[in-house]
Amino acid sequence: MSTEDVATADSEAATDSGLAADGWTGREDDWIHQVFLMWHICYAVLIVATLVSLLGDRTAWPAYALLGVLVAAYAALLVPGLARESARLCVAYLVIALPVTLALGYLDANGLVILYALFPQLFGVLESRRIRMPVIVLLAAGAVAVALRHEDLSTALVQVGIALLVSLLIGVFIQVIMREAERRGKLIAELESARADLDEAQHRAGVLTERQRLAHEIHDTLAQGFTSLVMLIQAADATVDTDPAATRNRLALAERTARENLAETRALVAELAPVELQSAPLDTAVQRIAARLGEELGITTEVRIQGTPRVLPPDVQVVLLRAAQESLSNIRKHAGATAVDVRLSYDSGITLEVQDDGKGFSATTSNSTPRGYGLRGMRARVEQVHGRVDISSAPGEGTRVRVEIP
């Protein structure tokens, strides 16, 4: 997987988990649209109620005209003003709606029903309390004065008071909604910022992981292959005059190793599995690389397969094969061994063990890994599949590398 693929996969995972900013914004918009829809429905109900109360009165045509003005102003100014969050359009609507509503109430007492919509609109549109409260007081006073034309003072006060009380309750509800919308807006901004930071961190992590993977692949394939080639050529050079047959055998081994190294390089470029695993199962691939080591060094190598071989996940196969290659490469370069024993055990998990009778080194059986990039890379690979590496060695007693994967 390339670095771009890692970043893309991480991005898709964030989107699927519901953290994508667009998803949150969509739900936020739906929520606001539902609030506006309820507001529009309530206003339409009040307009229809007022219109029904005027039916049958042939002299009420001026009231019909005023209702038309209210509906037109609402549709042309307030609706787009709310959608665009334009204070100018909303205030222009109020400049028209306040006097028209009072005039409608003056012509017909039922026209004051519109106050049940107008008071909440004041709460929703006028954000400044210094402006909102005086306008509400003036509208209430004007409504009482208009109601006196049709009712006595006490009745007018009760009618306007009820409208104002209901409107206050609705206004408080609107203020809560607006605060919640503001809070959600801040939350969305924070989520977008957090997602951007997460994307950047994941991108850096993807780049680092890709670099480490390539470093491990190059070390486990190209570097080991070149080391083998150098040793074979040096051995061939030492016998070129005294033992032509041995020299030809070593050169043939060098040629085969070079071809296999070239195939590994092509596989690495093409992001394929190791060449050994493309044409054979893991146990066969381990037997092949162990036999090759025996041919190169002229030592005894034995591979024991315990249990019934089974199909393993590709990443586990690659980890075990690379661990075997690294262990055998270290034997080639450092051990000076005369015999190597490789055991691949299939049970509830899988265990790879590589034992040699070489000169060993100062170490104790533990989970600590000796110095060396190859062994550190082996541990990193094994830990990625939740396994563990144990290395035991002592001077003159050989080395044992044990890899266990649950």
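The structure displayed is predicted, hence computed values, not measured ones.

**Here we look at the overall build of the protein**
- A count of helices and strands for the protein gives twelve helices and five strands.
- Looking at the protein as a whole, 40% of its 406 residues are labelled buried.
- Intrachain contacts of the protein at a sequence separation of at least 6 include 66% that bridge at least 24 residues.

**Points about the pairing of strand β4 (residues 388–393)**
- With five of six residues buried, β4 lies mostly within the body of the structure.
- Pairing geometry for β4 and strand β5 (residues 399–405), over six bridges, is antiparallel. Note that in β5 the partner of Asp390 across the bridge is Arg402.

**Quick look at the confidence of the model for the protein**
- Residues with a pLDDT of 70 or more make up 76% of the protein, whose mean pLDDT is 75.
- Scored below 50 in pLDDT, residues 365–370 makes 18 contacts in the model with residues more than four places away or belonging to other chains.

**Considerations on helix α5 (residues 115–125)**
- Extensive coverage of α5 is indicated by the burial of ten of its eleven residues.
- Leu115, Ala117, Leu118, Phe119, Pro120, Gln121, Leu122, Phe123, Gly124 and Val125 are the residues of α5 that are buried.

**Considerations on helix α11 (residues 314–335)**
- The terminal C-alpha atoms of α11, which comprises 22 residues, lie 30 Å apart, in line with the 32 Å expected from a rise of 1.5 Å per residue.
- Most of α11 is tucked away: 18 of the 22 residues are buried.
- Gly336 sits one or two residues past α11 and shows a positive phi near 65°.

**Topic: the nonpolar core**
- Tyr93, Leu94, Phe119 and Leu122 are the most contacted members of the largest nonpolar core, which has 40 residues in total.
- Among the secondary structure elements, those contributing two or more residues to this core are α2 (21–54), α3 (61–84), α4 (87–107), α5, α6 (129–147) and α7 (153–239).
- The greatest single-element share of this core, amounting to nine residues, is contributed by α3.
- Not counting residues within four places of it along the chain, the set of residues in contact with Tyr93 comprises Tyr43, Leu70, Ala73, Tyr74, Leu77, Leu78, Leu118 and Gln121.

**With respect to the packing of α3 against α4**
- Two elements in contact, α3 and α4, have axes separated by 9 Å at closest approach and are oriented at 160°. Classified by the interaxial angle, the pair formed by α3 and α4 is roughly antiparallel. Judged by the sense of rotation from one axis to the other, the crossing of α3 with α4 is left-handed.
- Partitioning the contact of α3 with α4 into residue classes produces 22 nonpolar, two polar and one charged.

**Side note on the packing of helix α10 (residues 282–297) against α11**
- Taken N-terminus to C-terminus, the directions of α10 and α11 make an angle of 10°; their axes are 10 Å apart at the nearest point. In this view, α10 runs roughly parallel relative to α11, as classed from their interaxial angle. Residues Leu282, Ala285, Ile289, Ala290, Leu293, Glu296 and Leu297 of α10 pack against Gln317, Leu320, Leu321, Ala324, Gln325, Leu328, Ile331 and Arg332 of α11.
- For the contact of α10 with α11, the per-class residue count stands at eleven nonpolar, two polar and two charged.

**Regarding the side chain of Glu353**
- Here Glu353 is to be found in strand β3 (residues 350–356).
- At a separation of 2.8 Å, a polar atom in the side chain of Glu353 contacts the side chain of Arg402.
- Those residues in contact with Glu353 that sit more than four places away from it in its chain are Asp341, Val342, Arg343, Arg400, Val401 and Arg402.

**A closer look at the packing of aromatic side chains**
- According to the stated counting rule, one finds one aromatic pair in the structure shown.
- A centroid spacing of 5.9 Å and a plane angle of 80° characterise the contact between Tyr74 and Tyr93, whose relative ring orientation is edge-to-face. Taken together, the residues span a long stretch of sequence, with Tyr74 in helix α3 and Tyr93 in helix α4 at a distance of 19 residues. Here Tyr74 matches Tyr93 in class, with each residue buried.

**Focus on the sheet that holds β4**
- Strand order in the open sheet formed by five strands is β1-β2-β3-β5-β4, and the pairing between neighbours is mixed. Edge positions in the sheet fall to β1 (300–306) and β4, since each has one partner strand and no second. Taking the axes of each pair of neighbouring strands and ignoring which way they run, one obtains an average angle of 10° across the sheet.
- In the sheet, β1 pairs with strand β2 (residues 339–346) via seven bridges, with the strands oriented parallel.

**So, the environment of Ser392**
- Along the chain, Ser392 falls in strand β4.
- Its relative accessible area of 13% is what places Ser392 among the buried residues.
- When the C-alpha positions of Ser392 and Ser362 are compared, they lie 9.0 Å apart, and in sequence the two are 30 residues distant.

**Quick word on the environment of Leu82**
- Mapping Leu82 onto the fold places it in helix α3.
- Measuring from C-alpha to C-alpha, the distance between Leu82 and Gly124 comes to 9.6 Å, with 42 residues separating the pair along the chain.

The rules behind each value
Residues numbered from 1 in each chain as written. Predicted model: local features only at pLDDT ≥ 70, side-chain atom pairs only at ≥ 80, totals over all residues. Heavy atoms only, no water. Helix = DSSP H or I, 4+ residues; strand = E, 2+ residues; numbered from the N terminus. Buried < 20%, exposed > 50% of the residue type's maximum accessible area, 1.4 Å probe, protein only. Contact = heavy atoms within 4.5 Å. Pairing = 2+ DSSP bridges. pLDDT = per-residue confidence, 0-100. Expected span 1.5 Å × (residues − 1). Core = buried A, V, L, I, M, F, W, Y, C linked by side-chain atoms within 4.5 Å. Axes fitted to C-alpha atoms, helices over the stretch in contact; angles between N-to-C directions. Parallel < 35°, antiparallel > 145°, perpendicular 65-115°, else oblique. Left-handed = near helix turned anticlockwise from the far one by under 90°. Nonpolar A, V, L, I, M, F, W, Y, C, P; charged D, E, K, R; others polar. Polar contact = N/O pair within 3.5 Å; in protein donor to acceptor, adjacent residues only side chain to side chain. Phe/Tyr/Trp six-rings, centres within 6.5 Å; stacked < 30°, edge-to-face > 60°.

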